[in-house]
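Per-entry structural report
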Amino acid sequence: MQQLIDKILEIKKSNTSKIIAKRMSEFSTLGKKPLEELFKELSFCILTANFRADRAIEIQREIGQQFLTLQKKVLAEKLKKSGCRFHTKKAGYIVEARKHAQTLGKMCHSFSSGPAAREWLVKNIKGLGYKESSHFLRNIGYTDVAIIDFHIIDLLARNSLIEKPKTKNLTKKRYLAIENVLKKMAKRAGMNLGELDLYLWYIETGKVLK
């Protein structure tokens, strides 16, 4: 673990740390924006399941507020043309999630912690697992949940911090166990889980996305 922490501390001395700080500041304000912006972010996180985050960002920009209005068939076609995997299923998830659009921000911020809000999302929003729910919550200002995707798993496994899971779909127990490893790392690095994800993602990919 110390080797990874040393890498993080080295990055904190570079200009990349300013980019990460700016991104965290953007996350803290997004949760206070109108429902259209929150729903766009929710849709983005649904798209990221088994799909590249950078491409999901591009699709989010292309479709924008139409995530709230397009008919399922039209939305699915747009996702297909953009190269989104499982476009029909994801279009269905986004359309179904609209029933929570009006109360999404209020609902999420009514919880005292990210983990509590995450349980609600996993239970009520189809298409959101623990990873996608954590992603959404981090992007609207929560800092106490970990986004555990294959980039993070590969990095942790290579550093002998976890055993690499045999399947991509993590059980709740396995997800929370890996999250606990990340909590320890975040504490030792002097940062929250939201920041830690951006630093680890940068170490693994050379990019700071969202």
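Residues numbered from 1 in each chain as written. Predicted model: local features only at pLDDT ≥ 70, side-chain atom pairs only at ≥ 80, totals over all residues. Heavy atoms only, no water.

1. Some thoughts on the overall build of the protein chain
The line we're drawing: Each helix corresponds to a stretch of at least 4 residues labelled H or I by DSSP, and each strand to a stretch of at least 2 residues labelled E; elements are numbered beginning at the N terminus. We compute the radius of gyration from the C-alpha atoms alone; for a globule the expected value is 2.2 Å times N to the 0.38, where N is the number of residues. Here's how the labels work: a residue is buried when its accessible area is under 20% of the maximum for its type, exposed when over 50%, partly exposed in between, all with a 1.4 Å probe on protein chains only. We call two residues in contact when some of their heavy atoms are within 4.5 Å. Using a 1.4 Å probe, the Shrake-Rupley method yields the accessible areas, and only the shown protein chains count as cover for residues. Charged residues are defined here as Lys and Arg on the positive side and Asp and Glu on the negative side; His and the ends of the chain fall outside this count. Just so you know, the charge point we use is NZ for Lys, CZ for Arg, CG for Asp and CD for Glu.
Helices and strands together make up the secondary structure of the protein chain, namely 12 helices and zero strands. Ordering the α and β elements of the protein chain from the N terminus gives α-α-α-α-α-α-α-α-α-α-α-α. What you see for the protein chain is a C-alpha radius of gyration of 17 Å, in line with the 17 Å of a compact globule of 210 residues. Projected onto the principal axes, the alpha-carbon positions of the protein chain cover approximately 50 × 35 × 30 Å. Across the 210 residues that make up the protein chain, the buried fraction comes to 50%. Nonlocal contacts in the protein chain, meaning residues at least 24 apart in sequence, comprise 66% of its contacts between residues at least 6 apart. Accessible surface for the protein chain amounts to roughly 10800 Å². Of this, 51% is attributable to carbon and sulfur atoms. With 41 positive and 21 negative side-chain charges, the protein chain shows a separation of 3 Å between the mean positions of the two kinds.

2. Observations regarding the environment of lysine 73
Structurally, lysine 73 is set in helix H5 (residues 72-81). The spatial distance from the C-alpha of lysine 73 to the C-alpha of threonine 88 is 7.8 Å, given a sequence separation of 15 residues.

3. Section: the environment of phenylalanine 39
The residue phenylalanine 39 is located in helix H3 (residues 35-47) in this model. Sequence separation of phenylalanine 39 and serine 14 is 25 residues, and the distance between their C-alpha atoms is 34 Å. Those residues in contact with phenylalanine 39 that sit more than four places away from it in its chain are Phe67, Leu68, Ile94, Ala97, Arg98, Ala101 and Leu104.

4. Re helix H2 (residues 16-30)
Just so we agree on the cut-off: Expected span of a helix, by definition, is 1.5 Å for each gap between consecutive residues, and there is one gap fewer than residues.
Its 15 residues give H2 an end-to-end C-alpha distance of 21 Å, which sits within 8% of 21 Å, the value for a rise of 1.5 Å per residue. At its buried positions, H2 is contacted by helix H1 (2-11), H3, helix H9 (130-139) and helix H12 (193-205).

5. Examining the nonpolar core
To keep things clear, this is the line we draw: Residue types Ala, Val, Leu, Ile, Met, Phe, Trp, Tyr and Cys, when buried and joined through side-chain atoms within 4.5 Å, form a set referred to as a nonpolar core.
Counting residues in hydrophobic clusters, the biggest one holds 67 residues, and the most contacted among them are Leu121, Phe136, Leu137, Leu182, Leu196 and Leu200. Those residues in contact with leucine 200, other than ones at most four positions away along the chain, are Leu4, Ile8, Ile152, Leu155, Leu182 and Met185.

6. Some remarks on the packing of aromatic side chains
Formally: Any two rings among Phe, Tyr and Trp, with Trp reduced to its six-membered ring, count as a pair given centres within 6.5 Å; such a pair is stacked if its planes are under 30 degrees apart, edge-to-face if over 60, and tilted if neither. As a reminder, the over-ring test applies to NZ of lysine and CZ of arginine, requiring each to be within 6 Å of the ring centre and within 35 degrees of the ring normal.
Counted under the stated rule, the structure contains one aromatic pair. Residues tyrosine 130 and tyrosine 175 carry aromatic rings whose centres are separated by 5.8 Å and whose planes lie at 40° to one another, so their mutual orientation is tilted. Of this pair, tyrosine 130 sits in helix H9 while tyrosine 175 sits in helix H11 (residues 172-189), and the two are 45 residues apart along the sequence. For the pair formed by tyrosine 130 and tyrosine 175, the shared burial category is buried. When the ring centre of phenylalanine 44 is taken as origin, the NZ or CZ atom of lysine 210, which lies over that ring, is 4.4 Å away.

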